[in-house]
Structure formats: structure tokens, C-alpha cells
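Summary of structural features
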Amino acid sequence: MGAVKIAITMEEKLLKNLDRLVKNHLFENRSRAIQEAVSEKMARLEKSRLARECAKLDKAFEQTMAEEGMTAGAEEWPEY
């Protein structure tokens, strides 16, 4: 998918900080800086969502399932 142009509004102080980063060559331009910031934030949100979902798991049940999966069919494995 190609890039799509959008318009955003931000506080002047934030824009000045953004422009400073571009001027100091941390980013090639404002768009790249904002793209990376949004992408990083979305990755963090996804990671925290995954952590919240994992916290809902029953650890004892998951352990039992993991151990069951390890022994199931073990007698059919070739000897090394």
C-alpha cells in the first residue's frame, strides 16, 4: 500500500521539538519522524495488549497442556 497524505494538528512546543530533531538529522523530515513515532506507539500498544491477554491465562492449565503436548507421541520419536 502506498503512502497517504494526512493533516495533523499539534502543540507549537511539540512541533519545535520535532523540527529540532529533523534539523539535527535524527529524522530525514517531519513525516518520517511522525511515521516512526506512530509505528512505535502502535507496537507498544500491541505488546501491552498481548501482555494483558497472557495475564488472563490459567498458568496451571497452560503448564498441563504444554507438558501433555511434550509427552504425546514421544514413544514414536526415533532414537538418536
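To keep things clear, this report deals only with the structure shown in the data block.

Cut-offs applied
- Residues numbered from 1 in each chain as written.
- Predicted model: local features only at pLDDT ≥ 70, side-chain atom pairs only at ≥ 80, totals over all residues.
- Heavy atoms only, no water.
- Helix = DSSP H or I, 4+ residues; strand = E, 2+ residues; numbered from the N terminus.
- Buried < 20%, exposed > 50% of the residue type's maximum accessible area, 1.4 Å probe, protein only.
- Areas by Shrake-Rupley, 256 points an atom, 1.4 Å probe, with all protein chains shown as cover.
- Patch = residues over 30% accessible without salt bridge, like charges linked within 9 Å, V, L, I, M, F, W, Y side chains within 5 Å.
- Salt bridge = Lys/Arg side-chain N within 4 Å of Asp/Glu carboxyl O.
- Contact = heavy atoms within 4.5 Å.

1. Comments concerning the overall build of the protein
Looking only at helices and strands, one finds three helices and zero strands in the protein. The N-to-C order of helical and strand elements in the protein reads α-α-α. Per-residue burial for the protein yields a buried fraction of 5% across its 80 residues. Carbon and sulfur atoms provide 58% of the accessible area of the protein, an area that totals close to 8000 Å².

2. Concerning unusual backbone geometry
Within the chain, His25 stands out as a residue other than glycine whose phi angle is a positive 65°. Note on placement: His25 falls in the loop between helix H1 (12–23) and helix H2 (30–55).

3. Section: a nonpolar patch on the surface
A cluster of nonpolar side chains, namely Val4, Ile6 and Ile8, defines an oily patch on the protein surface of about 340 Å² accessible area. The residue Ile8 is located in the segment before H1 in this model. The partly exposed category is assigned to Ile8, whose relative accessible area is 48%.

4. Here we look at the environment of Ala33
Tracing the backbone through its elements, the reader meets Ala33 in helix H2. Along the chain, Ala33 and Leu18 lie 15 residues apart, while their C-alpha atoms are 7.5 Å from each other. Non-local contacts of Ala33, meaning those with residues more than four positions away in its chain, are made with Leu18 and Phe27.

Structural measurements only, silent on function.
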